[in-house]
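Results of the structural survey
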Amino acid sequence: MDRLPVLVIGSGISGLTTALTLAEAGQPVVIAAKTPWSESNSGLAQGGVAAALSPGDHPRLHAEDTLRVTRGLADPTRVDILTSQAASAVQPFIQSRVLALGPDGAPKFSQEAGHQRARIVHARDGLTGRALMGHLIRKAQSYSSIHWLDGKVVGLAAENHQAEGAYYRSPAGDLDYLAATAVVLASGGMAGLYATSSNPDSTSGDGLILAYLAGATLADLEFVQFHPTVLATKGPGRRLLLTEALRGLGAHLLNAAGERILKGHPDQELAPRDVVAQAVFSQQPVYLSMQHLPSDDVYRRFSGLVQQLSECGWDLARDHIPVTAGAHFSMGGVVTDSVGRTDVARLFAVGEVAMVGVHGANRLASNSLLEGLVYGKRAAQAILTDHARLTPRKPLARPAMTVRPEYWTVPSRLPSLLDQHLGVIRDQDGLQRLEQALQGMQACHATLLIQMMVSSAMARQESRGAHMRRDYPEASAQFAGHFYHQQDHGRIFRPISQPSAISPLPIP
Ligand SMILES: Cc1cc2nc3c(=O)[nH]c(=O)nc-3n(C[C@H](O)[C@H](O)[C@H](O)COP(=O)(O)OP(=O)(O)OC[C@H]3O[C@@H](n4cnc5c(N)ncnc54)[C@H](O)[C@@H]3O)c2cc1C
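Here's a quick rundown of the structure. (Residues numbered from 1 in each chain as written. Predicted model: local features only at pLDDT ≥ 70, side-chain atom pairs only at ≥ 80, totals over all residues.)

Here strand β10 (residues 182-185) shows a buried face lined by Ala182 and Val184 and a second buried face lined by Val183 and Leu185. Inspection of the sheet shows strand β1 (residues 6-9) paired to β10 by 4 bridges, in the parallel sense. Paired with Val6 across the bridge in β10 is Ala182. In this sheet, strand β17 (residues 347-349) lies alongside β10 in parallel orientation, the contact comprising 3 bridges. Across the sheet, the residue bridging to Val183 is Leu347, located in β17. (Buried ≥ 20, exposed ≤ 12 C-beta atoms within 10 Å, placed from the backbone. Helix = DSSP H or I, 4+ residues; strand = E, 2+ residues; numbered from the N terminus. Pairing = 2+ DSSP bridges.)

As structure tokens, then:
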């Protein structure tokens, strides 16, 4: 490689989108990933991608839904970008027939909670992530300017607030260094740290810690979204998600007596995700049932999930399937501007690791794959624009850095403590217990991240969006704003009425 590459950390939808946009413009790219793409959250996505494409729909209506569900904390400008660029982001997948099409050649749309229109496009078998990712991976593999690096990034080199490269550990355990013209974090969220989660264990917030230690700002860490229907098992199928689209088709959620747990809510099973998650969490055991629906429809529309469940001994169309609320999505992340720049020069963040301002206190269903597509591309375009000024300083000496492998080990007690005290329903007493437990653990990257989450969760003395504070059941205007974390300044609160802390440094 003659020119220094852009290093993209992560091979999920956001990393691949960024890498492909760069490669199409002739920019060499290295994609570093610690897991195969099929094990990323992107590869596991089951619902679909939201885009205002159906007759009578409009990006403005999609933006309205997003702003309503995100409970005052999403940035309207960034949401407009997301919804108005959605159509062009999904068109290539429609043209390539990766997504399910009707006989007229137009995409098939399904309905999900929080959307006023049926606007979710999905793959034929419902395993949308696998279909989108398979397509993107094949495309990326056709570029000789994209190099693949199997390894876990364990440290960013960022001197004087400028990212210059990264340290990674190869599968053989060697520590190596890669110099880069820009570094893009596309490393996903942190919901896999919870014991009950739809995410794989590897979704452990690495990028949040890498960015924080490099001097970047994090925000909204207290906002974790819980999915109401994760298969309730400790055996095979642990962490398997039963997509919201099942409820879109009419699935019921039943208590042990066979009564619908949401019959009192006007939207019933299609109530907002936080409402359903809280009901499922507090009324355990809860079962998802599709027995009243034509089984042929269920088998046809969800053939992928039907297969996955049958391998665990369940029949989706005929059984009452036990479900529970599990950690699903991190709304917070590394603070960026509208093109993924962080406040460390040459360091970008895209996808779930980023806090670009479109998910607020509660992500709207099917907006995150879309975020990866839209904002992944925007970051690449900004890198290409900034390129002349991104030429790195010479000489590119490998910076000295101590990487302590033990810091990457998650304490075994932590996941169940997160379930207990930092879940969909929380209170001061539980948060304090978690804080005390953290003090008794060996300090590591995961404990540092959770300390920041607990600190914001304690300070947010209200119920807003994805979680409910038992001791502060209402939303409070006092907390209409974001908690930021920065190494030099600790925790800072900024009301939405003030300019946000999103202040990328000028590229030198
Ligand atoms: C079961 C499930 C179903 C979902 N369904 C939907 C849906 O239908 N629609 C929707 O919009 N959203 C859905 N989501 C959410 C959505 O899938 C994710 O938000 C999105 O895929 C995140 O993409 P990403 O590219 O940011 O990160 P990810 O897809 O999580 O990829 C992260 C990448 O970073 C790599 N990585 C992490 N740390 C390191 C490190 N230290 N060094 C090197 N590499 C690293 C990983 O190996 C991986 O390649 C779902 C999520 C789950 C878990």
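Judged by nonpolar contacts, the single largest core of 161 residues is most densely connected at Leu7, Ala166, Val183, Val184, Leu185, Ala211 and Val334. Lining this core are residues from two domains, each supplying at least three of them: domain 1 (1-223 + 331-398 + 408-508) and domain 2 (226-328). Contact partners of Val334, with chain neighbours within four places excluded, come to Leu185, Gly207, Leu208, Ala211, Ala216, Leu218, Thr342, Ala349, Val353, Ala354 and Met355. (Core = buried A, V, L, I, M, F, W, Y, C linked by C-beta atoms within 7 Å. Domains from an automatic or database assignment. Contact = placed C-beta atoms within 7 Å.)

What follows deals with unusual backbone geometry. Most peptide bonds are trans, and most residues other than glycine sit at a negative phi. Put simply, Gln284 and Pro285 share a cis peptide bond, and its omega is 0 degrees. Positive phi is not limited to glycine here, since His161 has a value of about 65 degrees. We classify His161 as partly exposed; it has 15 C-beta atoms within 10 Å. Although it is not a glycine, Arg346 sits at a positive phi angle of roughly 65 degrees. The residue Arg346 is located in the loop between β16 (333-335) and β17 in this model. Given 28 C-beta atoms within 10 Å, Arg346 falls into the buried group.

The environment of the ligand is formed by 43 residues, the closest being Gly10, Gly12, Gly47, Gly188 and Gly351. Those elements that place two or more of their residues in the shell around the ligand are α1 (13-24), β2 (29-33), α2 (41-44), α6 (128-141), β7 (152-159), α7 (206-213) and α12 (368-386). Here the shell around the ligand is composed, by residue class, of 13 nonpolar, 26 polar and 4 charged. (Near = placed C-beta within 6 Å. Nonpolar A, V, L, I, M, F, W, Y, C, P; charged D, E, K, R; others polar.)

Shape is all these values report; function is a separate question.
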